[in-house]
Amino acid sequence: MTDTARLDTHKRNVQAFYDLMFNQCKPAEALEMYAGDTYIQHNPHVGDGKQAFIDYFERMAAEYPGKHVEFVRAIAEGEYVVLHCHQTWPGSEDYAGIDIFRLDADGKVVEHWDVLQVIPEHSANENGLF
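Residues numbered from 1 in each chain as written. Predicted model: local features only at pLDDT ≥ 70, side-chain atom pairs only at ≥ 80, totals over all residues. Heavy atoms only, no water.

Visitor: Describe the state of the cysteines, listing the residues and the values that go with them.
Guide: Across all of its chains, the model carries 0 disulfides by this definition. Counting only cysteine sulfurs, C85 is the nearest neighbor of C25, a cysteine outside any disulfide, at a range of 15 Å. (Disulfide = S-S within 2.5 Å.)

What follows is the structure in structure tokens.
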């Protein structure tokens, strides 16, 4: 497989992982299909490890039915995939997010970082967050 094909596969798999976990509300299935042996979490609101991931996203699915993420862009380099996302949380604020995933040698997700910003009602410019 060429480097370009490998990176494209990584981007597709990370988006499928995120979609299954967030949009389809199936975090256990997402981990089973797309995660490696370990899952290291850097988001301070989510515990470390696979079970903490499942518990958090099952709770979010119950508290925010209809939550949705749209992938605006995906960038891959080496063992990393970066997603620029628009998160919609019904009854709450929308967010612009950057998610960074590290993949193992088998192309499985093993580590995650993110930064989120509330999408403001008004902006000092007309460029938008996406």
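Visitor: Can you explain helix 1 (residues 3-23)? Please cite residues and give values.
Guide: With 21 residues, helix 1 should cover 30 Å at 1.5 Å per step; its first-to-last C-alpha distance of 29 Å lies within 8% of that length. For helix 1, every residue scored as buried is listed here: L7, H10, V14, F17, Y18, L20, M21, F22 and N23. Count one or two residues on from helix 1 and you reach C25, which has phi positive near 60°. (Helix = DSSP H or I, 4+ residues; strand = E, 2+ residues; numbered from the N terminus. Expected span 1.5 Å × (residues − 1). Buried < 20%, exposed > 50% of the residue type's maximum accessible area, 1.4 Å probe, protein only.)

Visitor: Which residues make up the side chain of N23, and what are the values?
Guide: Mapped onto the secondary structure, N23 falls in helix 1. Given the relative accessible area of 19%, N23 is considered buried. At 2.8 Å, the side chain of N23 forms a polar contact with the side chain of D19. A polar contact of 2.7 Å, which involves the side chain of N23, links it to the backbone nitrogen of V69. (Polar contact = N/O pair within 3.5 Å; in protein donor to acceptor, adjacent residues only side chain to side chain.)

Visitor: So, the nonpolar core: which residues are in play, and what are the values?
Guide: F17, Y18, F53 and F101 are the most contacted members of the largest nonpolar core, which totals 27 residues. Contributions of two or more residues to this core are made by helix 1, helix 2 (27-34), strand 1 (35-41), helix 3 (50-63), strand 2 (68-77), strand 3 (80-88) and strand 4 (95-103). If we skip the residues at most four places from it in the chain, F17 touches A30, L31, Y34, Y39, F53, F101 and V109. (Core = buried A, V, L, I, M, F, W, Y, C linked by side-chain atoms within 4.5 Å. Contact = heavy atoms within 4.5 Å.)

Visitor: Which residues make up the environment of D55, and what values do they have?
Guide: Here D55 is to be found in helix 3. Judged by its relative accessible area of 41%, D55 is partly exposed. Here the alpha-carbon distance between D55 and A28, two residues 27 residues apart in the chain, equals 9.1 Å.

Visitor: I'd like a description of the packing of aromatic side chains, backed by residues and values.
Guide: Counted by the stated rule, this structure contains 13 aromatic pairs. On the numbers, 5.7 Å between centres and 20° between planes, the contact of F17 with F53 is stacked. With F17 in helix 1 and F53 in helix 3, this pair connects stretches of sequence that are 36 residues apart. Plain terms: the ring middles of F22 and W89 are 5.2 Å apart, the flat faces sit at 90° to each other, and that makes the pair edge-to-face. Of this pair, F22 sits in helix 1 while W89 sits in the loop between strand 3 and strand 4, placing them 67 residues apart in sequence. (Phe/Tyr/Trp six-rings, centres within 6.5 Å; stacked < 30°, edge-to-face > 60°.)

Visitor: Account for the pattern of salt bridges, naming residues and giving values.
Guide: Applying the stated criterion to the full structure yields 4 salt bridges. Across the pair E63 and R59 runs a salt bridge whose closest N-O atoms are separated by 3.4 Å. Of this pair, E63 and R59 both sit in helix 3, 4 residues apart, which is roughly one turn of the helix. (Salt bridge = Lys/Arg side-chain N within 4 Å of Asp/Glu carboxyl O.)

Visitor: Account for the packing of helix 1 against helix 2, naming residues and giving values.
Guide: The geometry of helix 1 relative to helix 2 is characterised by a closest axis approach of 7 Å and an angle of 160° between their N-to-C directions. When the axes of helix 1 and helix 2 are compared, the pair comes out roughly antiparallel. Crossing hand, helix 1 versus helix 2: right-handed. From helix 1, N13, A16, F17, L20 and M21 reach across to helix 2, where they touch P27, E29, A30, L31, M33 and Y34. For the contact of helix 1 with helix 2, the per-class residue count stands at 9 nonpolar, 1 polar and 1 charged. (Axes fitted to C-alpha atoms, helices over the stretch in contact; angles between N-to-C directions. Parallel < 35°, antiparallel > 145°, perpendicular 65-115°, else oblique. Left-handed = near helix turned anticlockwise from the far one by under 90°. Nonpolar A, V, L, I, M, F, W, Y, C, P; charged D, E, K, R; others polar.)

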